[in-house]
Amino acid sequence: MPAYKSLLKRAEWVTAGKQRKCYHHGDKRIEKGEPCLEVKEDLTTRGYCEECAFEMFEKARQELDDLQRPKP
Ligand SMILES: [Zn+2]
């Protein structure tokens with residue numbers, strides 16, 4: 001049987017190699033050496049700080065819970 005397709009977008013933690021901007025915060029910097037969550041969408045890769053990533057994981061959990069229940 002083939003592997004099940006993932007419902008999740010492609011995301012991975014990287015260590016910022018240089019200072020970069022959090023895509024959600026605009027004004028928030030991710031300093032060199034700090035973790036940065038890279039989310040790939042289509043051909044774009046966006047980086048998010050730990051604080052935003054935490055919120056995004058919380059939101060994703062809720063969305064998955066909601067999505068799992070078939071709608072009448
Ligand atoms: Zn952020």
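Report follows, based on the coordinates. Given the structure is predicted, the values throughout are model-derived calculations rather than measurements. (Residues numbered from 1 in each chain as written. Predicted model: local features only at pLDDT ≥ 70, side-chain atom pairs only at ≥ 80, totals over all residues.)

When its secondary structure is counted, the protein shows one helix and five strands. Computed over its C-alpha atoms, the radius of gyration of the protein comes to 15 Å, more than 25% above the 11 Å expected for a compact globule of 72 residues. Here the C-alpha coordinates of the protein stretch approximately 45 × 25 × 20 Å along the principal axes. When each of the 72 residues of the protein is scored for burial, the buried share is 10%. A sequence separation of at least 24 residues applies to 36% of the contacts in the protein between residues at least 6 apart. (Helix = DSSP H or I, 4+ residues; strand = E, 2+ residues; numbered from the N terminus. Rg over C-alpha atoms; globule rule 2.2 N^0.38 Å. Buried ≥ 20, exposed ≤ 12 C-beta atoms within 10 Å, placed from the backbone. Contact = placed C-beta atoms within 7 Å.)

With that settled, consider the sheet that holds strand β1 (residues 10–15). Spatially, β1-β4-β5 is the arrangement adopted by the three strands of the open sheet, whose pairing is antiparallel. Strand pairing shows two members of the sheet lacking a second neighbour, β1 and β5 (44–48), which therefore form its edges. Neighbour to neighbour, the strand axes of the sheet diverge by 30 degrees on average, direction disregarded. Bridge count between β1 and strand β4 (residues 35–41): six bridges; the pairing is antiparallel. Among the inter-strand pairings, Trp-13 is bridged to a residue of β4, identified as Leu-37. (Pairing = 2+ DSSP bridges. Axes fitted to C-alpha atoms, helices over the stretch in contact; angles between N-to-C directions.)

Here we come to the environment of Cys-52. Mapped onto the elements of the fold, Cys-52 is located in helix α1 (residues 50–68). Cys-52 sits in the partly exposed class, given 17 other C-beta atoms within 10 Å. Those residues in contact with Cys-52 that lie beyond four places of it in its chain are Cys-22, His-24 and His-25.

What follows concerns unusual backbone geometry. Glycine aside, negative phi is the norm for most residues, and most peptide bonds take the trans geometry. Residue Asp-42 is not a glycine yet carries a positive backbone phi of 55 degrees. Among the structural elements, Asp-42 can be located in the loop between β4 and β5.

Below, the discussion takes up the pairing of β4. Bridge analysis of β4 against β5 gives five bridges, and the strand direction is antiparallel. Residue pairing in the sheet places Glu-41 in a bridge with Thr-44 of β5. Here β4 folds back onto β5 in antiparallel fashion, the turn holding two residues, of which Asp-42 has a positive phi close to 55 degrees.

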